[in-house]
Amino acid sequence: AQSVTQLDSQVPVFEEAPVELRCNYSSSVSVYLFWYVQYPNQGLQLLLKYLSGSTLVKGINGFEAEFNKSQTSFHLRKPSVHISDTAEYFCAVSRSNFGNEKLTFGTGTRLTIIP
Amino acid sequence: EAGVAQSPRYKIIEKRQSVAFWCNPISGHATLYWYQQILGQGPKLLIQFQNNGVVDDSQLPKDRFSAERLKGVDSTLKIQPAKLEDSAVYLCASRHFANTGELFFGEGSRLTVL
């Protein structure tokens, strides 16, 4: 089975500062990795995904993440955050079984932007 | 295109009562998921449908939870009888077969069991 650990439950960051949200996964098979964002009172929305190929993936709203197989990590980064980035961010993992993905989510990281 | 629709948005019931949640996925999305999100935790998969067939229900507490997707479109999740620990947001998501891992989520149905 696959699992995900998000190391920080809350991350406060000043506006226009860079941010990194950490995610480590565990799996004995090859995986797909995802970051989802949840704005208050809304459903989750896909930010970006790693399936194969380049280990640096870019997503929406200026976010990017890097897949590191040796460290089993998939950290999310943004060089300059905005107030509108305030949300809960979830890392998720799935066995790389195309067409039948079953996503296992982490516990989430609440990103708070300080003006 | 219209998103994933869920209802009701909020529901408060007493323990041992029953409740049902409805989900209408995005048109053309064959895969439908129900997730349970308890406060402070990540979403946990309850059941996954492919068209009207169940792909995975290994984490569905079958003694009290049931779900169906009779015509391969909308779906209903039922809890009977409810327990205090069922208080959570129930999220429905759908996915197009060609879009690997891109789930589209509804806004969720928040259940409070008193």
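Note: the structure precedes this text.
Residues numbered from 1 in each chain as written. Chains lettered and ligands numbered in written order. Predicted model: local features only at pLDDT ≥ 70, side-chain atom pairs only at ≥ 80, totals over all residues. Heavy atoms only, no water.

## Observations regarding the overall build of chain B
Helix and strand counts for chain B come out as zero helices and eleven strands. Tracing chain B from N to C terminus, the helices and strands come up as β-β-β-β-β-β-β-β-β-β-β. Taken over the C-alpha trace, chain B has a radius of gyration of 13 Å; the compact-globule value for 114 residues is 13 Å, and the two agree within 12%. Summarising its shape, the C-alpha atoms of chain B cover approximately 40 × 25 × 25 Å along the three principal directions. Residue burial in chain B is summarised as follows: out of 114 residues, 46% are buried. (Helix = DSSP H or I, 4+ residues; strand = E, 2+ residues; numbered from the N terminus. Rg over C-alpha atoms; globule rule 2.2 N^0.38 Å. Buried < 20%, exposed > 50% of the residue type's maximum accessible area, 1.4 Å probe, protein only.)

## Topic: the nonpolar core
Ranked by size, the top nonpolar core spans 28 residues in total, and within it Trp-35, Leu-48, Phe-74, Leu-76 and Tyr-89 of chain A carry the most contacts. With residues up to four places along the chain from it excluded, the contact list for Leu-76 of chain A reads Val-19, Glu-20, Leu-21, Trp-35, Leu-47, Leu-48, Phe-63, Glu-64, Ala-65 and Tyr-89 of chain A. Among the nonpolar cores identified, the runner-up in size contains 21 residues, and Leu-46, Phe-65, Leu-77 and Val-113 of chain B belong to it. (Core = buried A, V, L, I, M, F, W, Y, C linked by side-chain atoms within 4.5 Å. Contact = heavy atoms within 4.5 Å.)

## So, the packing of aromatic side chains
Throughout the structure, instances matching the rule amount to twelve aromatic pairs over all chains. Arranged with centres 4.3 Å apart and planes meeting at 20 degrees, the rings of Tyr-50 of chain A and Phe-67 of chain A form a pair that is stacked. Pair noted here: Tyr-50 of chain A is in strand β6 (residues 44–50) and Phe-67 of chain A is in strand β8 (residues 64–68), with a separation of 17 residues, a long-range link. Since its relative accessible area comes to 8%, Tyr-50 of chain A is described here as buried. Classification of Phe-67 of chain A as buried rests on a relative accessible area of 11%. Grouping aromatic residues by their ring pairs yields a cluster made of Tyr-36, Phe-90 and Phe-105 of chain A together with Tyr-33, Tyr-35 and Phe-105 of chain B. (Phe/Tyr/Trp six-rings, centres within 6.5 Å; stacked < 30°, edge-to-face > 60°.)

## A look at the side chain of Ser-94 of chain B
All names here are of chain B. Locating Ser-94 in the fold gives a position in strand β9 (residues 88–95). A polar contact is formed between the side chain of Ser-94 and the backbone nitrogen of Ile-26, at a distance of 3.4 Å. A distance of 2.8 Å separates polar atoms of two side chains, one belonging to Ser-94 and the other to His-29. In contact with Ser-94, other than residues within four places in its own chain, are Val-4, Pro-25, Ile-26, His-29, Thr-31, Leu-32, Glu-102, Leu-103 and Phe-104. (Polar contact = N/O pair within 3.5 Å; in protein donor to acceptor, adjacent residues only side chain to side chain.)

## A closer look at the interface of chain A and chain B
Opposite the 21 residues of chain A that make contact, chain B presents 26 residues. Our count for the contact surface shared by chain A and chain B stands at one salt bridge. The residue Lys-102 of chain A makes a salt bridge to Asp-56 of chain B at a minimum N-O spacing of 3.0 Å. The interface formed by chain A and chain B holds four residue pairs in polar contact (both at pLDDT 80 or more) in total. (Salt bridge = Lys/Arg side-chain N within 4 Å of Asp/Glu carboxyl O.)

That's the geometry; what it means functionally is another story.
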